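Structure at a glance
In case you want the letters, here they are:
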Protein chains: 2
Amino acid sequence: MKLIDSTPRKDGYRMPGEYELHEACWMLWPQRPDVWRFGGKPAQYAFAEVAKAISRFEPVIVGVNGDQYENACNMLPDCVRVVEISNNDSWMRDCGPTFVKNDRGDVRGVDWRFNAWGGLEYGAYFPWDKDAQVCRKVCEIAGKDMYKLPDFVLEGGSIHSDGEGTALVTEECLLHPGRNPHLNKAQIEEKLKEYLNVEKVIWLKRGIYLDETNGHVDNICCFARPGEVLLAWTDDESDPQYEISAECLALLESETDAKGRPIKVHKLHVPRPVLITREEEAGVDVKAGSIPRVEGERLAASYVNFYFANGGIVMPLFGDPGDEPALAKMREIFPDREVVGVYAREIILGGGNIHCITQQQPKGL
Amino acid sequence: MKLIDSTPRKDGYRMPGEYELHEACWMLWPQRPDVWRFGGKPAQYAFAEVAKAISRFEPVIVGVNGDQYENACNMLPDCVRVVEISNNDSWMRDCGPTFVKNDRGDVRGVDWRFNAWGGLEYGAYFPWDKDAQVCRKVCEIAGKDMYKLPDFVLEGGSIHSDGEGTALVTEECLLHPGRNPHLNKAQIEEKLKEYLNVEKVIWLKRGIYLDETNGHVDNICCFARPGEVLLAWTDDESDPQYEISAECLALLESETDAKGRPIKVHKLHVPRPVLITREEEAGVDVKAGSIPRVEGERLAASYVNFYFANGGIVMPLFGDPGDEPALAKMREIFPDREVVGVYAREIILGGGNIHCITQQQPKGL
């Protein structure tokens, strides 16, 4: 595998929209007991359901630590490929490659620096040495060359691309002191333009209320197609989420994308607050440096955290009255895609959702 | 990946000759300090030389334990793919898949049971749990379905196939009590016929003198092409190797292959005895259950332990006066192939050679 000493923009590679055609979907396998309750077993069932759902639309490859290899093979359907990729936790979106593609259909990976969402001071756990190698390992298995940025911290969940020159991010995350305190907003924007090959970056202010990733954009807002976004929403003005979503809406409605189009916003209502139960708290190892799980605390549940698959959408459900309306809304917005819901409470308990645990590899030619 | 509940013979798959076209060559990365001196560092350089030599002819993929991943990436050339495959030691020939292929060009793996060359009583080390998963991991990365034999112990180095219905093995290895004591010779032969899809098995008596694999055939004799073999040889009647090789020669000259052809034998003289030096002994960790390395002991050095690559041959050299004649002989026998020598003393110090650390994946269609 070749490390490329250039940038995607210079080489004519761009980050496609997630709704463009995929070659495969990459995931990792959950197991760490200070993040996933009951030794990761319920989460493993949930991840397996996600893998199974996505595999109806495109090939799925799951990376797994050596000690869980046999178990993962046994829990996943035959059509899912299981490969060994050591990891500290299972967020392929964030530690995996951001793939870029040129007009000839050649695909390359971008290896951002990963520091577990904030490094020693703000991060979710220590160490993250294995996560930091995940990107390269994926690229080696996929047979793709790679751009490497040893000095720029970013996670895949903190960026969206419309595939036509526009990126979507949040200030809360990208300007957080745990990422790149040595760079100002203009410098960070320049990095995104260079490595995603976009002309315009739309900066939302904040992500979902209490999101542990410092407000990753992928939990609050995503492109539905060029010129259209889905925004996590609530009509409850007493919910702290309201102010955040309203701020996003106002900003998006005042913006245009890289092509000069106004942005159409589809509101996707969040479920009722998902609160950690006593049993859930009791199932998680308590460990210094890891984020504690406390009964009654609210999780950052949002339907926006879904995955586009070829011809499909796999989205989280929460056993909430909002599930059916959310499914209906998605089917309305995406009439050409089969929308599949997966019960994802076990995933949000770990701090993210279906989009956070997946990473698309664009179709090559 | 699918485990196939059938046999290659029933499905029309056969083990190709190694001289048939390859898709890629698989290797593992050496590191265990009770096998490889100085923490594996000299062996890593030697393995890297082998990978580099083979990569001139066909793609090479090296599997590596997680803790050596970064180092292996840095020591291997860019064109070699590095993937994580946990292993107890680095003998891809023996724990990796035996690939079989049908007439349409579909390729599958055969996963023999691996017990570290003899199990708890006779084996080279304990445990071998990671080695036992190598075959499946290779098949998952290669995207190949697999036959699995949980009840039949075999290593890839103990079999050769001419691709036209004939297999070559040794009694010393296949009838050793550390492999399949519950099966007699006829039953073992039946397994080989079923899983390699051959009609005839030629049983040599013994392998190279003091070979630690209980006389793997791949160190003493291999097919050069259908109807022709290379046999490790010595003219020194006082060398214990003489009697062994002479016995093989007599047997081969009295045999025909599956197609009824007599077998032409090319003699390939072994180098002068390769003896462990004091410094070499001192560089290896001493550990109960692992094979000790003792100054003055003879290693099983043989030029037959080479690898066929697409259009090439990569063969071991020992810094011996026999190196040049062996190279010349090989060039004479294989006028259409480029014969490349790699200095391999560090590999034989671990107990095997270039053929033992490689495994060909046949070209698919």
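So, here is what we can say about the structure in this document. Keep in mind the model is a prediction, meaning the values are calculated, not measured.

1. A short note on the interface of chain A and chain B
Counting residues at the interface gives 22 residues for chain A and 22 residues for chain B. Interface area, chain A with chain B, both sides summed: about 1,700 Å², of which 41% is carbon and sulfur. When the buried area of chain A at its contact with chain B is split by residue, Y69, E84 and E140 of chain A rank highest and sum to 32% of it. Where chain A touches chain B, the interface holds 2 salt bridges. With its nearest N and O atoms 2.9 Å apart, the salt bridge here joins E84 of chain A to K137 of chain B. Seen at the junction of chain A and chain B, the total is 12 residue pairs in polar contact (both at pLDDT 80 or more).

2. Quick look at helix α9 (residues 240-253) of chain B
All names here are of chain B. If you check α9, its first and last C-alpha atoms are 21 Å apart, about what 14 residues at 1.5 Å a residue would give, namely 20 Å. Where α9 is concerned, the buried positions are Q241, I244, S245, C248, L249, L251 and L252. Summarising the axial view, the buried residues of α9 lie within an arc of 165 degrees, below the 170-degree limit, and thus occupy one face. The exposed set on the far side of α9, more than 90 degrees from its buried face, consists of E243 and E253. Buried positions along α9 lie against β8 (166-170), β9 (200-204), β10 (221-225), β11 (228-233), β12 (264-269) and β14 (298-299). Where α9 begins, one side-chain oxygen reaches toward the backbone nitrogen of Q241, 2.8 Å away; that side chain belongs to D239.

3. Observations concerning unusual backbone geometry
With an omega of -5 degrees, the peptide bond running from F126 of chain A to P127 of chain A counts as cis. Along the chain, P127 of chain A turns up in the loop between α5 (119-122) and α6 (131-142). Phi at F38 of chain B is positive, roughly 50 degrees, even though this residue is not glycine. Inspection of the secondary structure assignment puts F38 of chain B in the loop between β1 (22-28) and α2 (41-55). Of note in this structure, A116 of chain B is not a glycine but carries a positive phi near 55 degrees.

4. What to know about the sheet that holds strand β7 (residues 160-161) of chain A
All names here are of chain A. Within the open sheet, the 3 strands sit side by side as β7-β8-β9. Their pairing is mixed. Two strands lie at the open edges of the sheet, namely β7 and β9 (200-204), each paired on one side alone. Pairing of strand β8 (residues 166-170) with β9 involves 5 bridges; the strand directions are parallel. Across the sheet, residue T166 finds its bridge partner in β9, namely K200. Contacting β8 and β9, helix α8 (residues 185-196) runs over the sheet at an angle of about 130 degrees to β9. Each of β8 and β9 touches helix α9 (residues 240-253); the most contacted strand, β9, lies at about 150 degrees to it.

Definitions and limits used
Residues numbered from 1 in each chain as written. Chains lettered and ligands numbered in written order. Predicted model: local features only at pLDDT ≥ 70, side-chain atom pairs only at ≥ 80, totals over all residues. Heavy atoms only, no water. Contact = heavy atoms within 4.5 Å. Buried area = accessible area lost by both parts, 1.4 Å probe. Salt bridge = Lys/Arg side-chain N within 4 Å of Asp/Glu carboxyl O. Polar contact = N/O pair within 3.5 Å; in protein donor to acceptor, adjacent residues only side chain to side chain. Helix = DSSP H or I, 4+ residues; strand = E, 2+ residues; numbered from the N terminus. Expected span 1.5 Å × (residues − 1). Buried < 20%, exposed > 50% of the residue type's maximum accessible area, 1.4 Å probe, protein only. Arc of directions from axis to C-beta. Pairing = 2+ DSSP bridges. Axes fitted to C-alpha atoms, helices over the stretch in contact; angles between N-to-C directions.

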